[in-house]
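Notes for the structure review
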Amino acid sequence: MQFVVALPEATSPAGYARLTQEICGVPLLTRTLATAQRAGAHQLLLIWPRSIPAAMAEALLRAPQIKKPEEVAVIEVRNFDPNMRSSWSNLENQLEDRFVWLPWNWVTNARALANRPESDDSPSSWEAPARVSKAWLSKIAIVIAPNLHSQTVPVPEGIAVTSEATAAAAERFLVARSGKVLDGIHTSFNRRLCRPAVRWLTHTPATPNQVTFGGVVVSAISAVAFARGGYWPYVVGALLFYLAGLFDEMDGMLARITFADSPMGTWLEGFADGLSYLFLFVGITIGLYRQHGTRELWLGLALLVGTALALIVTNFQRKRATTADRPNEYLGTFYKMLENDKGNFISRQVRMVHAFQKRGVMIIYIPIFAVLNLIPLLFYLAILGSHLTWIIVLYYNQRFFKQAPTTLRKIQAS
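Small disclaimer: the values here were computed from a predicted structure and weren't measured. (Residues numbered from 1 in each chain as written. Predicted model: local features only at pLDDT ≥ 70, side-chain atom pairs only at ≥ 80, totals over all residues. Heavy atoms only, no water.)

**So, the overall build of the protein**
For the protein, the count of helices and strands is 16 helices and nine strands. In terms of its C-alpha atoms, the protein occupies a principal-axis envelope of roughly 85 × 45 × 35 Å. Counting every position in the protein, which comprises 414 residues, the buried fraction comes to 48%. Considering only intrachain contacts with a sequence separation of at least 6, the fraction spanning at least 24 residues in the protein is 76%. Accessible area of the protein: about 20200 Å², with a carbon and sulfur share of 62%. (Helix = DSSP H or I, 4+ residues; strand = E, 2+ residues; numbered from the N terminus. Buried < 20%, exposed > 50% of the residue type's maximum accessible area, 1.4 Å probe, protein only. Contact = heavy atoms within 4.5 Å. Areas by Shrake-Rupley, 256 points an atom, 1.4 Å probe, with all protein chains shown as cover.)

**Brief notes about unusual backbone geometry**
Backbone geometry places Phe 259, a non-glycine residue, at a positive phi of 60 degrees. Assessed through its relative accessible area of 9%, Phe 259 is described here as buried.

**A short note on a nonpolar patch on the surface**
The grouping of Tyr 231, Trp 232, Met 352, Val 353, Phe 356, Tyr 365, Ile 368, Val 371, Leu 372, Leu 374, Leu 377 and Leu 381 at the surface amounts to a nonpolar patch, some 1100 Å² of accessible area in total. At the level of elements, helix H9 (231-257), helix H13 (345-353), helix H14 (359-371) and helix H15 (375-399) are the ones that each hand at least two residues to the nonpolar patch. Per-element accounting of the nonpolar patch gives the leading share, three residues, to H14. Here Val 371 is to be found in helix H14. (Patch = residues over 30% accessible without salt bridge, like charges linked within 9 Å, V, L, I, M, F, W, Y side chains within 5 Å. Salt bridge = Lys/Arg side-chain N within 4 Å of Asp/Glu carboxyl O.)

**Thoughts on the pairing of strand S6 (residues 98-101)**
Bridge count between strand S1 (residues 2-6) and S6: three bridges; the pairing is parallel. Bridge pairing in S6 links Phe 3 to Val 100. Sheet topology note: the S6/strand S8 (residues 130-133) ladder contains four bridges and is antiparallel. Bridge pairing in S8 links Trp 101 to Ala 130. (Pairing = 2+ DSSP bridges.)

**Observations regarding the packing of H14 against H15**
Viewed as axis vectors pointing N to C, H14 and H15 meet at an angle of 135 degrees, and their least axial separation amounts to 7 Å. It follows that H14 is oblique to H15 by the angle criterion. Packed against H14, whose contacting residues are Ile 366, Phe 369 and Ala 370, the element H15 presents Ile 375, Leu 377, Leu 378 and Leu 381 at the interface. Across the contact of H14 with H15, the residue classes break down as seven nonpolar, no polar and no charged. (Axes fitted to C-alpha atoms, helices over the stretch in contact; angles between N-to-C directions. Parallel < 35°, antiparallel > 145°, perpendicular 65-115°, else oblique. Nonpolar A, V, L, I, M, F, W, Y, C, P; charged D, E, K, R; others polar.)

**A short note on the packing of helix H10 (residues 263-292) against H15**
When two helices pack together, their arrangement is captured by the angle between the axes and the distance separating the axes. Interhelical geometry of H10 versus H15 gives an angle of 125 degrees and a closest axis separation of 11 Å. What the angle tells us is that H10 and H15 run oblique. Crossing geometry of H10 relative to H15 is assigned as left-handed. Along the contact surface, H10 presents Phe 281, Ile 284, Thr 285 and Leu 288, while H15 presents Ile 375, Pro 376, Leu 378, Phe 379 and Ala 382. (Left-handed = near helix turned anticlockwise from the far one by under 90°.)

**Side note on the nonpolar core**
Within the largest apolar cluster, 71 residues are counted, with the highest numbers of intra-cluster contacts made by Val 5 and Leu 7. Examining the composition of this core, we find that ten residues originate from one element, H9, more than from any other. Filtering out sequence-adjacent residues up to four positions away, Val 5 remains in contact with Leu 29, Leu 33, Leu 44, Leu 45, Leu 46, Ile 47, Leu 102 and Trp 104. One finds Val 4, Ile 75, Leu 91 and Phe 99 within the second-largest nonpolar core, a separate group that totals 16 residues. (Core = buried A, V, L, I, M, F, W, Y, C linked by side-chain atoms within 4.5 Å.)

**A closer look at the sheet that holds S8**
Spatially, the five strands line up as an open sheet ordered S5-S4-S1-S6-S8, and their pairing is mixed. Two strands lie at the open edges of the sheet, namely strand S5 (72-77) and S8, each paired on one side alone. Ignoring which end each strand starts from, the neighbouring axes of this sheet average 30 degrees apart. Where helix H2 (residues 54-61) meets the sheet, it contacts strand S4 (43-49) and S5, and its direction lies at approximately 155 degrees from that of S4.

**Re the environment of Ala 135**
Its location among the elements puts Ala 135 in helix H5 (residues 134-138). Exposure remark for Ala 135: the relative accessible area of 43% places this residue in the partly exposed category. Residues Ala 135 and Arg 98, 37 residues apart in the sequence, show an inter-C-alpha distance of 8.6 Å.

**Here we look at the side chain of Thr 307**
By the secondary structure assignment, Thr 307 is in helix H11 (residues 295-321). If near-sequence neighbours (up to four positions away) are discounted, Thr 307 is found in contact with Tyr 277, Leu 278, Phe 281 and Ser 386.

**As for empty space enclosed by the protein**
Where empty space is left becomes clear once a probe the size of a water molecule has been rolled over the atoms. In the structure shown here, the tally under the stated rule is three cavities of 30 Å³ or more. Each pocket or cavity is described by its volume, and for the second largest cavity that value is around 50 Å³. Along the wall of the second largest cavity there are 13 residues; nearest its centre are Thr 212, Asp 248, Asp 251, Ala 272 and Arg 359. Of all elements in the fold, only helix H8 (208-227), H9 and H10 reach the threshold of two or more residues within the lining of the second largest cavity. Broken down by class, the residue content of the lining of the second largest cavity amounts to five nonpolar, three polar and five charged. (1 Å grid on protein atoms, 1.4 Å probe; cavity = no way out; pocket = protein on both sides within 12 Å on 5 of 7 lines; lining within 4 Å. Points joined across faces, edges and corners; volume = space filled by probe spheres on them.)

And the structure:
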């Protein structure tokens, strides 16, 4: 789908300062174009006023958030007005039969823009995204201001940035919707706690990878607390592990908001999660050894072996289940295949309990076990769960993921 973005006229630097105003650390116009690309735009037609220096357009296309600058066509015009038929006539050869009108200052996320409501290709307002057809434009000599139309067409979620107040509202909107489709109650609760910190981080030089490493450091400190043994060290360690889990939520939120998500970041996050669990279980093992003796060391060794095997085979499965540029699709793919395989008894059971293995869920229940003085029970459950995990993952490697990722997508689509 073609997206059309038109900039307003400006005669002074102050007049186009809003174009470069940072919304969660990304210039407003850059954010608009980058969101359109991630929403599936195969071409962006950027209508650029001659009153704004062309050098700004060149700098815009060099922004790291614009992944495919060759798909952005910059058309310099004078006095473009979407309400005037003559303005559209000058673009006749560049417009596709149907395109998406996207206001330059509309802040939203790619998911909301890609899932925009259906319309009849005749917008009710130029102030919000809308699907438009050339046929509709050609039927009238002068396009009357669409916001005067009596019809009401639903628009995607988003906020038009026109002031400092709407800019702040747009940032809150982005942070509040920086989760994933598969987030459950537990993860959504965690992300809500992270919102103020994430919004603050978008205005700092901090990168998602740095936040990820910060979580690993907190996990290591948590392990040191667990290793001391005893009720209060366990409680402190569990709370620190919960804090480390919030770092894990924040790195993904920050990456999606700032367009810094990448395959490397996905793999790094998975590695950090695994390392955090290893720290946790080493700390618990040492703490229980101090309390109960040598037997806990052998059980801890069994736990570490099970955890390591689970991490290795899960990463192997992720690699088989996704293409190299989309490792983040692994969990969604796995859930879809479990749902399609619900006639299988094992798949039904795995679908019900799999969510409890997600870190966003575990970080909530570990403090509960600690407060209730049930860390030994958590320890034994983790031993059982780690070995069941790698066995089940191997089972699904054979059941689901023998084919190449492209073949798997065809199976899911059918």
